[in-house]
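Single-letter residue listing:
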Amino acid sequence: MSDGSKTSRRQLLQAGGAAVGAAFAAPYILTSKALGDATTPPASDRIVMGGIGIGNMGRGDQGAFLGRGDVQYVAVCDVRRKWREEGKGRADGHYGNSDCAAYVDFRELLARDDLDAVHIATPDHWHAIMTIAACRAGKDVYLQKPETLTLREGPLMIAAARRYGRVVSGGSQRVLQDYRELVDPCWSGELGGIESVDINVGGPSRPCYLPAEATPPDIDWDLWLGPAPWEPYNPGRCDGNFGTDGGSWRSYVDYSGGSLTDWGAHHFGGAIFAADLRELQPVSATYHPASSDGGAYVSLAYPNGVAVHHNRPQPLRTRPPSVARGGGEIQIVADGNKRAGKAVPLYKGEGGIYGDFIDCVKTRARPFRDIELAVNTMTGPHMIAIAYRLERSLTWDRASQSFTGDDEANRLVDRARREPWIL
C-alpha cells in the first residue's frame, strides 16, 4: 500500500462518516482520546504499529514507540508465550484497556490492514524474510541491527523497500548518538582526508553443539527456527541475552554473525558513518595471516582509497595523530590537511532514531539509517567473515553483488533455508 493510498483511505473514511451523518442526522459520540489533546494527536493522525519479536531489544523498542503520542500500538507477536503476554500487558497497561492483540505467527500480524508500521527485533536469521514480507504487506519497518545475515539478503531487502514504497530503517541508535565524538571532527574537515579506520570488535559466529533438551510448552520451536536448519531445542541456543561468547543465539552461525556483526553493527556503523563511507561498499577484503605481531586480521579497501581494518594488531601508540573512541575500539586516521566541512546528517523529527523513523513514516522521506545505507555498512563485516573462513583475500564486485572469479566465496554469499522460508 503506497502512502498515497493510505492517506486516501483515511480521508475516505472521514468523508464517508460525514456523509452518513448528514444523510441520517444521527448523533454519535467521540471520546476525547480519539479526538486528541495537547499531547496526543487524533486517532486518524497516529501511526498504527505492532511489534514482532518482543523480548530483550524488542521490549525496549516497544517501550520507545509506546511512549510516543503520535503512535497507536495495537499488536505484538512472539513465538514465546512469556514475551508475548508481557508485551501485550505493557501495551494494555499503557492505554488502560485490553485491546492489544497477541500473535504467535508474524504472518497473522502482517495480514492486518490497519497497521501502518512494524518494528522487528527477532534473531538475525529472520530479519530479511520478515522485512520483505512486511514491505509486501504495505507496512513500514523499523528493523533492529544487524539488518542482514548474508550478503544476498541486502539487495533483496532494498528492492522490496523501493518496489513497495516502504520506509525501512535500521535500528542502531549508537551510530549517531554514541559515536558523535568521531563524527564531528571527521565531517568538519578538521582532520583532513580520511586514510584509514581501525575497528576492534569480536569475530564471527561459531557452530552450535549444545545437547538436546525437552522443548518447553511455551515456545513454538519450529517457528523460532524458521529458515534455520532444524536442531533440537536447547535454552542456550535460543536465549536472547546480549552475550556473544556462547549461550545465546547471537553466538551461533545458524542465527547470527557473532560479535563481528552484532556489536560490529554498532562499531562499523559509527566508524563508516564518521568516515563518510555509507554510500560505498568495499572493493576487496585482504586476509593477513597471524604473525609474531599478533593474530590474523582482515583489511577492507573502499573505492575512494580508505582502508578499514578489523582487529589489526598494530599498537595504538605507533599510529599517527587521529581521533579515537574509548579504549580504541574505533580509531580513524587522517592526513591532517584541513578541508571544507560538510553538515552532519541528523535524525528527522523528535525522539532520536525512533522519532526519525516515525517522522519518515509520515513524510515518506528516507530515514537516517535507511536500509540501503545499513546494507552498505554491513557488507564489510560479511566480507570479513568470509575472508576469515576461507583464510584468503577476496575481491568484491558491487554491480553483480558477487566475488570476482571465486566460486567458493560466492557459495557463501547466501545460505540454504528450510522450506517454506525461501527468499
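Rules behind the numbers
- Once a new chain begins, its residue numbering starts again from 1 and follows that chain's sequence as written.
- Note on the predicted model: pLDDT of at least 70 is required for a residue's local features to be given, and 80 or more for side-chain atom pairs to be given and counted; whole-chain, interface and lining totals, by contrast, use all residues.
- With hydrogens and water excluded, all non-hydrogen atoms of the structure serve as input to the side-chain values.
- Throughout this description, the term salt bridge denotes a Lys or Arg side-chain nitrogen within 4 Å of a carboxyl oxygen of Asp or Glu.
- Numbered from the N terminus, helices here are DSSP runs of H or I no shorter than four residues, and strands are runs of E no shorter than two.
- Buried, partly exposed and exposed residues are distinguished by accessible area as a fraction of the type maximum, computed with a 1.4 Å probe on protein chains only: under 20%, between the cut-offs, and over 50%, respectively.
- His is not counted, nor are the chain ends, whereas Lys and Arg count as positive and Asp and Glu as negative.
- Counted as a polar contact is a pair of N or O atoms within 3.5 Å, where, for protein atoms, one must be capable of donating a hydrogen and the other of accepting one, and residues adjacent in sequence contribute only when both atoms are in side chains.
- By definition in these notes, contact holds between two residues if any of their heavy atoms fall within 4.5 Å.
- Residues are said to line a cavity or pocket when one of their atoms sits within 4 Å of a point; the points come from a 1 Å grid over protein atoms alone, cavities being sets where a 1.4 Å probe fits but cannot get out and pockets being open sets with protein on both sides within 12 Å along at least five of seven lines.
- Grid points are joined across faces, edges and corners, and a volume is the space filled by probe spheres set on the points.
- When residue character is reported, Ala, Val, Leu, Ile, Met, Phe, Trp, Tyr, Cys and Pro are called nonpolar, Asp, Glu, Lys and Arg charged, and the others, Gly included, polar.
- Paired strands, as defined in this entry, are two strands with at least two bridges between them according to DSSP.
- Helix axes are fitted only over the stretch in contact, all axes being lines through C-alpha atoms; the angle between N-to-C directions runs from 0 to 180 degrees.

### Observations concerning the pattern of salt bridges
Then step 1. Across all of its chains, the model carries 23 salt bridges by this definition.
Then step 2. The residue Asp 70 makes a salt bridge to Lys 362 at a minimum N-O spacing of 2.7 Å. Within this pair, whereas Asp 70 is found in the loop between helix H3 (57–66) and strand E2 (71–77), its partner Lys 362 is found in helix H13 (residues 352–363), the two being separated by 292 residues in sequence.
Then step 3. We classify Asp 70 as buried; its relative accessible area is 11%.
Then step 4. Look at Lys 362 and you get partly exposed, because its relative accessible area is 41%.

### Some points on the side chain of Asp 61
Then step 1. Mapped onto the elements, Asp 61 comes out in helix H3.
Then step 2. Buried within the structure, Asp 61 lacks any salt-bridge partner; its nearest side chain of opposite charge belongs to Arg 250, at an N-O separation of 9.6 Å.
Then step 3. Side-chain polar atoms of Asp 61 contact the side chain of Gln 144, separated by 3.0 Å.
Then step 4. Sequence-distant contacts of Asp 61, defined by excluding residues within four places in its chain, comprise His 119, Ala 121, Tyr 142, Gln 144 and Tyr 354.

### Topic: empty space enclosed by the protein
Then step 1. If you walk through the whole model with that rule in mind, you get 2 cavities of 30 Å³ or more.
Then step 2. A volume near 60 Å³ is recorded for the largest cavity.
Then step 3. Residue composition of the lining of the largest cavity, by class: 5 nonpolar, 1 polar and 4 charged.
Then step 4. Here the second largest cavity is characterised by a volume of approximately 30 Å³.
Then step 5. For the second largest cavity, the full set of lining residues is Thr 148, Thr 150, Leu 151, Gly 154, Val 375, Met 378, Thr 379 and His 382.
Then step 6. Looking at side-chain class alone, the lining of the second largest cavity contains 3 nonpolar, 5 polar and no charged residues.

### A short note on the sheet that holds strand E5 (residues 140–143)
Then step 1. Reading across the sheet, the 6 strands line up as E3-E2-E1-E4-E5-E6 and stay open at both edges, with parallel pairing between neighbours. Each of the sheet's edge strands pairs with one partner strand only, and the pair in question is strand E3 (101–103) and strand E6 (168–170). Each neighbouring strand pair of the sheet contributes to a mean axis angle of 20°, computed without reference to strand direction.
Then step 2. Of the pairings in the sheet, the one linking strand E1 (residues 47–52) to strand E4 (residues 117–120) comprises 4 bridges and is parallel in character. Bridge pairing in E4 places Gly 51 opposite His 119.
Then step 3. Sheet contacts for H13: E1, E2, E4, E5 and E6; angle to E5, the most-contacted strand, approximately 170°.

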